Amino acid sequence: MSLFLSIGEAMVELSSAPDAGEDIWRLGFAGDTLNTAWYARACLPDDWDVQYMTRLGQDPFSPRLLDFLATNSIGHRFITTEASRSVGLYAIQLENGERSFAYWRGQSAARLLAEDPALLDEAFAASNAIYLSGITLAILPEKGRDALISRLSAARTAGKTTIFDPNLRPKLWESADSMRDWLTRAAAGAALVLPSFDDEAEWFGDTSPEACARRWQQAGAAEVVVKNGGGSMVILQDDRLDTRHAEKVSPVDSTGAGDSFNGGYLAARLTGSTPLEAAEAGHAIALKVIGHRGALIAMSDLKGAARSR
Ligand SMILES: O=C(O)C(=O)C[C@H](O)[C@H](O)CO
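Residues numbered from 1 in each chain as written. Predicted model: local features only at pLDDT ≥ 70, side-chain atom pairs only at ≥ 80, totals over all residues. Heavy atoms only, no water.

As named in an unreviewed UniProt entry, the protein is Sugar kinase, taken from Tianweitania aestuarii. One UniProt comment on the protein, placed under Sequence similarities (unreviewed entry), says "Belongs to the carbohydrate kinase PfkB family." (UniProt positions renumbered as here; feature names shortened; annotations may be inferred.)

Engineer: Can you break down the overall build of the protein residue by residue, with the values?
Structural biologist: Each helix and strand in the protein was counted, giving 10 helices and 14 strands. A globule of 309 residues ought to have a C-alpha radius of gyration of about 19 Å, and the protein, at 18 Å, matches this closely. Over its C-alpha atoms, taken along the principal directions, the protein stretches across nearly 50 × 45 × 40 Å. Within the protein, the fraction of its 309 residues that count as buried is 55%. Partitioning the contacts of the protein with sequence separation of at least 6, the portion at a separation of at least 24 is 71%. In the structure as shown, the protein presents an accessible area of about 12600 Å², 49% of it carried by carbon and sulfur atoms. Across the protein, the centroid of the 30 positively charged side chains sits 2 Å from that of the 40 negatively charged ones. (Helix = DSSP H or I, 4+ residues; strand = E, 2+ residues; numbered from the N terminus. Rg over C-alpha atoms; globule rule 2.2 N^0.38 Å. Buried < 20%, exposed > 50% of the residue type's maximum accessible area, 1.4 Å probe, protein only. Contact = heavy atoms within 4.5 Å. Areas by Shrake-Rupley, 256 points an atom, 1.4 Å probe, with all protein chains shown as cover. Lys, Arg positive; Asp, Glu negative; His and termini not counted. Charge placed at Lys NZ, Arg CZ, Asp CG, Glu CD.)

Engineer: I'd love a proper account of the sheet that holds strand β7 (residues 88–95), names of residues and values included.
Structural biologist: Sheet architecture is open: four strands sit in the order β3-β2-β7-β8, paired in mixed fashion. Where the open sheet ends on each side, the last strands, each with one partner, are β3 (25–30) and β8 (98–104). The sheet shows a mean angle of 30 degrees between the axes of neighbouring strands, taken without regard to direction. Alignment of strand β2 (residues 11–16) against β3, held across six bridges, turns out to be antiparallel. Bridge pairing links serine 16 to tryptophan 25 in β3. On the sheet, helix α2 (residues 61–71) packs against β2 and β3 and is oriented at approximately 65 degrees with respect to β3. (Pairing = 2+ DSSP bridges. Axes fitted to C-alpha atoms, helices over the stretch in contact; angles between N-to-C directions.)

Engineer: Explain the pairing of β7 to me, using residue names and the numbers behind them.
Structural biologist: A regular strand places its side chains on the two faces of the sheet in alternate fashion. Of the strand pairs in this sheet, β2 and β7 are connected by four bridges, and their pairing is parallel. When the bridges of β7 are listed, valine 12 appears paired with leucine 89. Looking at chain direction, β7 and β8 are connected through seven bridges and run antiparallel. Residue glutamate 95 lies in a different strand from β8, and its bridge partner there is glutamate 98. The hairpin formed by β7 and β8 contains two residues between the paired strands, and asparagine 96 there has a positive phi angle of roughly 50 degrees.

Engineer: Go over helix α1 (residues 32–43), please, and point to the residues and values.
Structural biologist: For an α-helix, 3.6 residues make a turn, and residues three or four places apart therefore share a direction. Taking 1.5 Å as the rise per residue, α1 with 12 residues should run 16 Å; its terminal C-alpha atoms sit 17 Å apart, in good agreement. Counting buried positions along α1 gives 12 out of 12 residues, so the element sits mostly inside the fold. Looking only at α1, the buried set comprises Asp32, Thr33, Leu34, Asn35, Thr36, Ala37, Trp38, Tyr39, Ala40, Arg41, Ala42 and Cys43. (Expected span 1.5 Å × (residues − 1).)

Engineer: Explain the UniProt feature "domain: Carbohydrate kinase PfkB" (unreviewed entry) in the protein residue by residue, including any values.
Structural biologist: UniProt feature "domain: Carbohydrate kinase PfkB" (unreviewed entry): in the numbering of this structure it lies at residues 4–297. What you have in residues 4–297 is 39% helix and 23% strand, and the ends, taken at the C-alpha atoms, are 20 Å apart.

Engineer: Give me empty space enclosed by the protein: which residues, what numbers.
Structural biologist: If a probe the size of a water molecule is rolled over the atoms, the empty space left behind becomes visible. Tallied over the full model, the rule gives one cavity of 30 Å³ or more. Empty space within the largest cavity amounts to approximately 30 Å³. Around the largest cavity, the lining residues are Asp165, Pro166, Asn167, Leu168, Ser196, Asp199 and Glu200. Here the residues of the lining of the largest cavity are counted per class, giving two nonpolar, two polar and three charged. (1 Å grid on protein atoms, 1.4 Å probe; cavity = no way out; pocket = protein on both sides within 12 Å on 5 of 7 lines; lining within 4 Å. Points joined across faces, edges and corners; volume = space filled by probe spheres on them. Nonpolar A, V, L, I, M, F, W, Y, C, P; charged D, E, K, R; others polar.)

Engineer: Which residues make up the sheet that holds strand β4 (residues 48–53), and what values do they have?
Structural biologist: Reading across the sheet, the eight strands line up as β4-β1-β9-β10-β11-β12-β13-β14 and stay open at both edges, with mixed pairing between neighbours. Strand pairing shows two members of the sheet lacking a second neighbour, β4 and β14 (240–244), which therefore form its edges. In this structure, strand β11 (residues 192–193) lies alongside strand β12 (residues 223–226), joined through two bridges in parallel fashion. Among the inter-strand pairings, leucine 192 is bridged to a residue of β12, identified as glutamate 223.

As structure tokens, this is what we get:
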């Protein structure tokens, strides 16, 4: 059995349900790293175990989140509990299908997810592929960021597949400079980096997806896929640069588009597909996801887009 480990913060998600009435909100669970674990689980064969690592609280929603993971075959072997804290919350606001988020997560239990070095060592040692994001780092104190980045680098040196999505969320960081600095450090420990061009152009000043890919390669990544909404996506692997043209589609809700692409892409790469084949798989899933409200769609609704399990 191989193990895909995703590390980060899962939250309660509020997404509007306009068919039910103006002020009716649908309650779900999501969070960038959980979303990627979800879509990886949907696409990976059964000889892959998918585990999620976070810390939850003792509020009424934390056990429901654990049940939700268990029901959907996502493992909680590395999930711990902090009695004095609770799970965070976010709400999706939509403008023409493009999302923005409001957060209530400043004191969430997940901010303590890197406080147990022995558990981190155990989780990294047990895993074949390890995934984390810029959001994972943003919510942690500096010591926690160092703890994850050093283990990611060591895992990469040990031959494991290490993956990082910079997932820029400036409002979670102390400053834009600090965000850029930590993300660049993390990329040195990641074999695969999966950025999104719009955000990278805004915060790193990249003038094209190719410039973005080359910057992450210089930071240390061996394989970079620059997601680009409905625009051309660039895949850089060592010296080989491929461009995948995409059709522009109007989203119902763009929440989770990049995370779902990552899940499909990684599942395909981890089971032997080429980067271009994997990009097709990731794109097919993201197209389905942006047709629904909220980050997660039922795994059974992915039939045809995901490989059947
Ligand atoms: O913004 C965050 O921190 C989230 O994790 C919420 C969303 O699920 C995620 O951003 C979608 O990519």
